[in-house]
Structure formats: C-alpha cells, structure tokens
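Architecture and fold: a report
Listed here are the chains, written in short residue letters.
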Amino acid sequence: MTDNDGSDGTNGPIPTDGSAGESVREPAHEWAVVDSVTEYKTGWFDAGYDRVAQPDGSEKEYYWAELPAAVVVVARTDDSIVMIDQYRPVIREQCLELPAGLVEDGESYSEAGARELREETGFDPAGVSLLEDFWCTTGALRHRRGIVFAEGLEPVDRDLDDNEFLSVTTVPIDDALDVARREPANDATIEGVLLARAEGLL
C-alpha cells in the first residue's frame with residue numbers, strides 16, 4: 001500500500017506491460033503475433049483479434065476487447081464503508097457496489113479514486129492509498145484495475161455523469177464481505193473488500 005504522493009507508480013499513464021507489479025515472467029514459447037486486427041471502435045472500448053503462432057506450430061485467432069484502466073474505491077467512514085446502489089443495464093440487475101470508474105489520461109489510480117469518490121458519493125477523502133493493481137479477465141480483456149483505500153471523508157457536492165442514477169449508502173465493516181457476496185455479486189466489490197481486509201484496514 002502506498003500513499004497518494006506519486007509513489008504508487010501510476011502518475012501518468014497506467015502501465016500496461018506488467019511493470020506495475022512483480023517482474024514480468026517470460027513465456028517458454030515466443031507466441032509471435034502474425035497479424036493484429038482492430039475490428040471496431042465504440043468510443044468506450046476497441047475490439048479485435050490477434051492471429052498468434054502457438055507452440056505446436058499452428059495459428060489461432062485470439063479475440064480481445066481493450067478498455068481503459070479502472071479504479072475501485074474502498075472508502076471507510078468510522079466503522080462502515082461507502083457503497084453505491086445502482087441499476088446495471090448490461091446485466092439487468094440492481095447492484096450494491098463499491099464506487100468505481102475509469103482512470104482519466106494522466107491520472108494515477110489514487111487520483112482517479114479520489115475524483116470518482118467525490119463525484120459519485122459526495123465524499124472528499126483526506127488520504128487515498130493504492131492497495132493493488134492487476135489485469136482483469138485475461139482470456140478476453142486488455143484491461144487493468146486498481147483498488148484504492150480512502151479515508152478521512154468530508155462531505156462535498158456530488159457531480160454525477162448523465163448516465164449515473166445511483167444512491168449512496170454505508171455498510172458496517174463487519175457485514176461488508178457478506179453484503180459484497182450477495183447476488184448479484186460482482187468481482188470488483190469482492191476484491192476490494194478482501195484486499196482491504198488483508199491489509200488490516202477493515
């Protein structure tokens with residue numbers, strides 16, 4: 001865990017080559033990319049495929065979607081954590097989640113987390129620390145996620161996007177994991193709670 005002083009290694013563009021974590025492991029096979037095709041761009045993500053040379057000499061098309069990095073915020077206030085309640089049209093479910101959003105150009109995960117927390121929940125944190133960042137859904141996505149911890153919350157005005165229709169609530173820390181695991185559960189909320197627990201922050 002690192003403080004929001006630029007030492008989290010993410011001031012500027014978020015690394016996408018594995019350099020944000022431990023040393024990169026080299027594959028035993030070259031896995032040469034014979035061709036790479038972007039089939040469409042949506043403004044939200046790009047999607048396409050790489051034709052790759054496999055270890056047995058055959059070639060296969062591996063499809064991918066590329067999204068900007070995202071941040072998830074575990075925000076503690078007294079003996080509770082802040083969560084948001086919103087409808088997710090993609091899965092057609094009402095979800096209780098940790099605050100989250102995309103990392104904008106030039107932001108660190110900590111900076112993005114503080115901004116998203118202010119905009120979505122109306123809480124301005126005194127301190128934000130990076131707990132972990134990692135690749136998500138590596139069989140299909142080119143997408144990194146950072147989990148941050150926020151504390152010292154002060155109320156401010158919210159600034160919601162035009163597609164954000166959400167309410168803010170708090171959940172007791174002792175109940176946080178049980179709440180995160182209730183259907184419709186999502187990976188980011190469970191990961192955030194577990195990582196904050198592992199760091200002794202909850």
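Residues numbered from 1 in each chain as written. Predicted model: local features only at pLDDT ≥ 70, side-chain atom pairs only at ≥ 80, totals over all residues. Heavy atoms only, no water.

**Re the confidence of the model for the chain**
Looking at the chain, the pLDDT average stands at 91 and 89% of residues meet or exceed 70. Predicted confidence for residues 2–7 stays below pLDDT 50, and this span has 12 contacts to residues more than four positions away or in other chains. (pLDDT = per-residue confidence, 0-100. Contact = heavy atoms within 4.5 Å.)

**Considering helix α1 (residues 109–121)**
Taking 1.5 Å of rise per residue, the 13 residues of α1 would be expected to cover 18 Å, and the 17 Å separating its terminal C-alpha atoms lies within 8% of that figure. The buried fraction of α1 amounts to 11 of the 13 residues, a majority that puts the element mostly inside the structure. Of the residues making up α1, those classed as buried are Tyr109, Ser110, Ala112, Gly113, Ala114, Arg115, Glu116, Leu117, Glu119, Glu120 and Thr121. Buried residues along α1 sit in contact with β4 (70–77), β5 (80–88), β7 (100–102), β8 (123–135), β10 (144–155) and β11 (166–172). (Helix = DSSP H or I, 4+ residues; strand = E, 2+ residues; numbered from the N terminus. Expected span 1.5 Å × (residues − 1). Buried < 20%, exposed > 50% of the residue type's maximum accessible area, 1.4 Å probe, protein only.)

**Some remarks on the side chain of Asp133**
Note that Asp133 resides in strand β8. You can call Asp133 buried: its relative accessible area is 8%. Among the polar contacts listed, one links the side chain of Asp133 to the side chain of Arg144, at a separation of 2.8 Å. (Polar contact = N/O pair within 3.5 Å; in protein donor to acceptor, adjacent residues only side chain to side chain.)

**Remarks on the nonpolar core**
Of all hydrophobic cores here, the largest spans 20 residues; its most connected members are Val74, Ile81, Met83, Leu98, Leu131, Ile147 and Val193. Secondary structure elements with two or more residues in this core: β4, β5, β8, β10, α2 (176–181) and α3 (187–198). Of the residues forming this core, the biggest block, four residues, is contributed by α2. Sequence-distant contacts of Val193, that is, excluding residues within four places in its chain, are made with Val74, Ile81, Leu98, Ala176, Leu177, Ala180 and Leu202. Counting residues in each nonpolar core, the second largest holds 15 residues, with Val73, Ala114, Val128 and Leu153 among its members. (Core = buried A, V, L, I, M, F, W, Y, C linked by side-chain atoms within 4.5 Å.)

**A word on the pattern of salt bridges**
Scanning the entire structure with this criterion turns up 14 salt bridges. Arg142 is paired through a salt bridge with Asp50; the nearest N and O atoms lie 2.6 Å apart. Taken together, the residues Arg142 in strand β9 (residues 141–142) and Asp50 in strand β2 (residues 46–53) connect sequence positions 92 residues apart. By relative accessible area, Arg142 is classed as partly exposed at 29%. (Salt bridge = Lys/Arg side-chain N within 4 Å of Asp/Glu carboxyl O.)

**Comments concerning the sheet that holds strand β3 (residues 59–66)**
One open sheet accounts for four strands, arranged β1-β2-β3-β9; its pairing is mixed. Each edge of the open sheet is held by one strand with a lone partner, namely β1 (33–41) and β9. Note: β3 against β9, two bridges, orientation parallel. Its bridge partner being in β9, Glu66 is matched across the sheet by Arg142. (Pairing = 2+ DSSP bridges.)

**Focus: the environment of Ala140**
With respect to the helices and strands, Ala140 occurs in the loop between β8 and β9. On the accessibility criterion, Ala140 (36% relative accessible area) is partly exposed. A C-alpha to C-alpha distance of 6.6 Å links Ala140 and Tyr63, two positions 77 residues apart in sequence. If near-sequence neighbours (up to four positions away) are discounted, Ala140 is found in contact with Tyr63, Trp64 and Ala65.

**Some details on the side chain of Glu164**
Note that Glu164 resides in the loop between β10 and β11. Buried within the structure, Glu164 lacks any salt-bridge partner; Arg88 is the closest side chain of opposite charge, at an N-O distance of 7.4 Å. Here the side chain of Glu164 touches Asp161 through a polar contact of 2.8 Å, landing on its backbone nitrogen. (Lys, Arg positive; Asp, Glu negative; His and termini not counted.)

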